[in-house]
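Coordinate analysis (summary)
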Amino acid sequence: AETLTNVTKRASASSAAVRLGYGRGRLRVTVTDDGRGGAEQVAGGGLHGVSRRLAAFDGTVRLSSPPGGPTVVDMEVPCELS
């Protein structure tokens, strides 16, 4: 939800995509937009909060957001299927 909020508030994007996947014992969510880029994980910011929350479950957040875009946020958490 945080990443999609960022898309609507800050990215000036015309489209966004959310992909879900599972492999090697990890659940992965990737959010991509075609906006202006320049997103950062700064202390107290929303993406930093997402990173902190996922880290509690040994999860990770990777951000790629060069100036001019696109922005790609990859989030992963360990997950065993039952």
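Our structure is the block above this text.
Conventions used here
Residues numbered from 1 in each chain as written. Predicted model: local features only at pLDDT ≥ 70, side-chain atom pairs only at ≥ 80, totals over all residues. Heavy atoms only, no water. Helix = DSSP H or I, 4+ residues; strand = E, 2+ residues; numbered from the N terminus. Rg over C-alpha atoms; globule rule 2.2 N^0.38 Å. Buried < 20%, exposed > 50% of the residue type's maximum accessible area, 1.4 Å probe, protein only. Contact = heavy atoms within 4.5 Å. Areas by Shrake-Rupley, 256 points an atom, 1.4 Å probe, with all protein chains shown as cover. Lys, Arg positive; Asp, Glu negative; His and termini not counted. Charge placed at Lys NZ, Arg CZ, Asp CG, Glu CD. Patch = residues over 30% accessible without salt bridge, like charges linked within 9 Å, V, L, I, M, F, W, Y side chains within 5 Å. Salt bridge = Lys/Arg side-chain N within 4 Å of Asp/Glu carboxyl O. Polar contact = N/O pair within 3.5 Å; in protein donor to acceptor, adjacent residues only side chain to side chain.

Remarks on the overall build of the protein
- Scanning the protein for helices and strands turns up 2 helices and 4 strands.
- If you list the helices and strands of the protein from N to C, you get α-β-β-α-β-β.
- Taking 12 Å as the expected radius of gyration for a compact globule of 82 residues, we find that the protein reaches 13 Å, a close match to that expectation.
- Along the longest, intermediate and shortest principal axes, the C-alpha atoms of the protein span 40 × 25 × 20 Å.
- Within the protein, the proportion of its 82 residues that are buried is 28%.
- Expressed as a percentage of contacts within the protein between residues at least 6 apart in sequence, the contacts between residues at least 24 apart total 51%.
- Carbon and sulfur atoms make up 54% of the accessible area of the protein, which totals about 5300 Å².
- Across the protein, 10 positive and 8 negative side-chain charges occur, with their mean positions spaced 2 Å apart.

A look at the side chain of T3
- Inspection of the secondary structure puts T3 in helix α1 (residues 2–11).
- T3 sits in the buried class, given a relative accessible area of 7%.
- Every residue in contact with T3, bar those within four places of it in the chain, is listed here: V31, L47, V73 and M75.

Some remarks on a nonpolar patch on the surface
- Together, L4, V18 and L20 make up a nonpolar patch on the protein surface, roughly 290 Å² of accessible area in all.
- Secondary-structure assignment places V18 in strand β1 (residues 16–23).

Remarks on the side chain of T30
- Mapped onto the elements, T30 comes out in strand β2 (residues 26–33).
- Those residues in contact with T30 that sit more than four places away from it in its chain are A17, V18, R19, V72, V73 and D74.

As for the environment of D74
- In this fold, D74 is placed in strand β4 (residues 71–78).
- Residue class for D74 comes out buried when judged on its relative accessible area of 13%.
- Setting aside residues no more than four positions away along its own chain, D74 makes contact with R28, V29, T30, T60, V61 and R62.
- At 2.5 Å, the side chain of D74 and the side chain of T30 are in polar contact.

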